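So you can see what is in the structure, the chains are spelled out below.
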Amino acid sequence: MALTLEGATVALGGRDVLRSISAQFTSGRVTVVLGPNGAGKSTLAQLLAGILTPHAGAAMIDGAPIAGLTARDRARRIGYLPQALTAHWDMRVEELVALGRLPHRGAFAALSPADREAIAAAMAATDTQRFASRSIGTLSGGEAARVHLARVLAGTPDWIIADEPLEGLDPAHRLDVLDRLRAAATAGAGVIVILHDLTHAARVADDALLIRDGGLVSMGAARDVLTPAILAPVYGVRLFEGVDDGGAALLIPVARLP
């Protein structure tokens, strides 16, 4: 299974936010999307999630336009975790997570055993079981972020597109979320995640896509893209590259470039 962009251009507010982007994303892999503020990363995520349609070019899923999917089919196949997380009305956490199963259920149908199993697994994976009976409005921002991730995971989509899912999380839960996204890819899903932290990107990515000012700078295997030679001029910083005591890659900005 593949998501592809073919010369995709998106114009918002009278300007091209993305310009002629061509890229292919593959199931069973984690692709990290990187770039400075305003590069067009969130627009790219919305394009792949079917929320936006390109003004030129195409956004495709398995060779067919994403825009051609019904809303129900799109929700089954693509789970989208936006940067701005909101619950439109107050509800219990378990009820919110259960919304992830709506594309798999008939109208007004009760939760099936399979639904309940998927909800329980998603809440266990995101460490949100203890919030199950609480109102979503009583949670901290980081706790609520994990609940919304659980909603996406509960839907067991073919694709997970997450826009800055680590924002507001403490360090331990950031690592947990990265591990959960990795586990989803290992289980066969395609995972596309927008990150700012370069070390986190190096930790989780199989592939990386780097954009700046709406244009594609580089895409390929993470080991080939996540290098100081490629990243430093895009971000305007000097980078330290190394490994920690456990062998994990480190990419740390240490100074602005002159």
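Right above here is the structure, for reference.
Presented here is a report on the structure given in the accompanying data block. (Residues numbered from 1 in each chain as written. Predicted model: local features only at pLDDT ≥ 70, side-chain atom pairs only at ≥ 80, totals over all residues. Heavy atoms only, no water.)

A separate point is the sheet that holds strand β9 (residues 207-212). Spatially, 6 strands are ordered β6-β7-β8-β3-β9-β10 in an open sheet, and the strand pairing comes out mixed. Where the open sheet ends on each side, the last strands, each with one partner, are β6 (78-81) and β10 (215-221). On average, each strand axis in the sheet is tilted by 15 degrees relative to the strand beside it, whichever way the strands run. Sheet topology places strand β7 (residues 159-163) next to strand β8 (residues 190-194); 5 bridges connect them, and they run parallel. Looking at the pairing, A162 lines up with V193 of β8. Together, β6 and β7 form the strand contacts of helix α5 (residues 141-154), whose direction differs from that of β6 by roughly 175 degrees. (Pairing = 2+ DSSP bridges. Helix = DSSP H or I, 4+ residues; strand = E, 2+ residues; numbered from the N terminus. Axes fitted to C-alpha atoms, helices over the stretch in contact; angles between N-to-C directions. Contact = heavy atoms within 4.5 Å.)

Within the largest apolar cluster, 51 residues are counted, with the highest numbers of intra-cluster contacts made by V32, L34, V93, V97, V147, L195 and L226. In terms of residues, this core owes the most to one element, α5, which gives 8 residues. Aside from chain neighbours lying at most four places away, what touches L195 is V32, V33, L34, P165, L166, L178, H200, A201 and V204. Judged by nonpolar contacts, the second largest core, of 27 residues, contains L3, L48, Y80 and I161. (Core = buried A, V, L, I, M, F, W, Y, C linked by side-chain atoms within 4.5 Å. Buried < 20%, exposed > 50% of the residue type's maximum accessible area, 1.4 Å probe, protein only.)

With that settled, consider the side chain of T31. Locating T31 in the fold gives a position in strand β3 (residues 30-34). When its relative accessible area of 1% is taken as the criterion, T31 is described as buried. Leave out the neighbours within four places in its chain, and T31 touches F25, V191, I192, V193, D207, A208, L209 and M219.

What follows concerns a nonpolar patch on the surface. There is a patch of nonpolar side chains on the surface, built from F240, I252 and V254 and spanning about 240 Å² of accessible area. Positionally, V254 belongs in strand β12 (residues 249-256). Residue V254 is classed as partly exposed on the basis of its relative accessible area, which comes to 42%. (Patch = residues over 30% accessible without salt bridge, like charges linked within 9 Å, V, L, I, M, F, W, Y side chains within 5 Å. Areas by Shrake-Rupley, 256 points an atom, 1.4 Å probe, with all protein chains shown as cover. Salt bridge = Lys/Arg side-chain N within 4 Å of Asp/Glu carboxyl O.)

The next thing to look at is the sheet that holds strand β4 (residues 56-61). Spatially, the 4 strands line up as an open sheet ordered β2-β1-β4-β5, and their pairing is antiparallel. Since the sheet does not close on itself, it has two edges, and those belong to β2 (15-26) and β5 (64-65), each with one partner. Sheet topology note: the strand β1 (residues 2-12)/β2 ladder contains 8 bridges and is antiparallel. Among the inter-strand pairings, L5 is bridged to a residue of β2, identified as A23.

Per the stated rule, a full pass over the model turns up 10 salt bridges. Taking the shortest distance from any N to any O, the salt bridge between D62 and R77 comes out at 2.7 Å. With a gap of 15 residues between them, D62 in the loop between β4 and β5 and R77 in helix α2 (residues 71-77) connect regions that are remote in the sequence. Using a relative accessible area of 41% as the deciding quantity, one classes D62 as partly exposed.

Regarding helix α9 (residues 228-235), the residues found buried are L231, A232 and V234. Buried residues along α9 sit against α7 (198-204), β9, β10, α8 (222-225), β11 (237-243) and β12. Where α9 ends, the next residue or the one after it, G236, has phi of about 70 degrees, a positive value.

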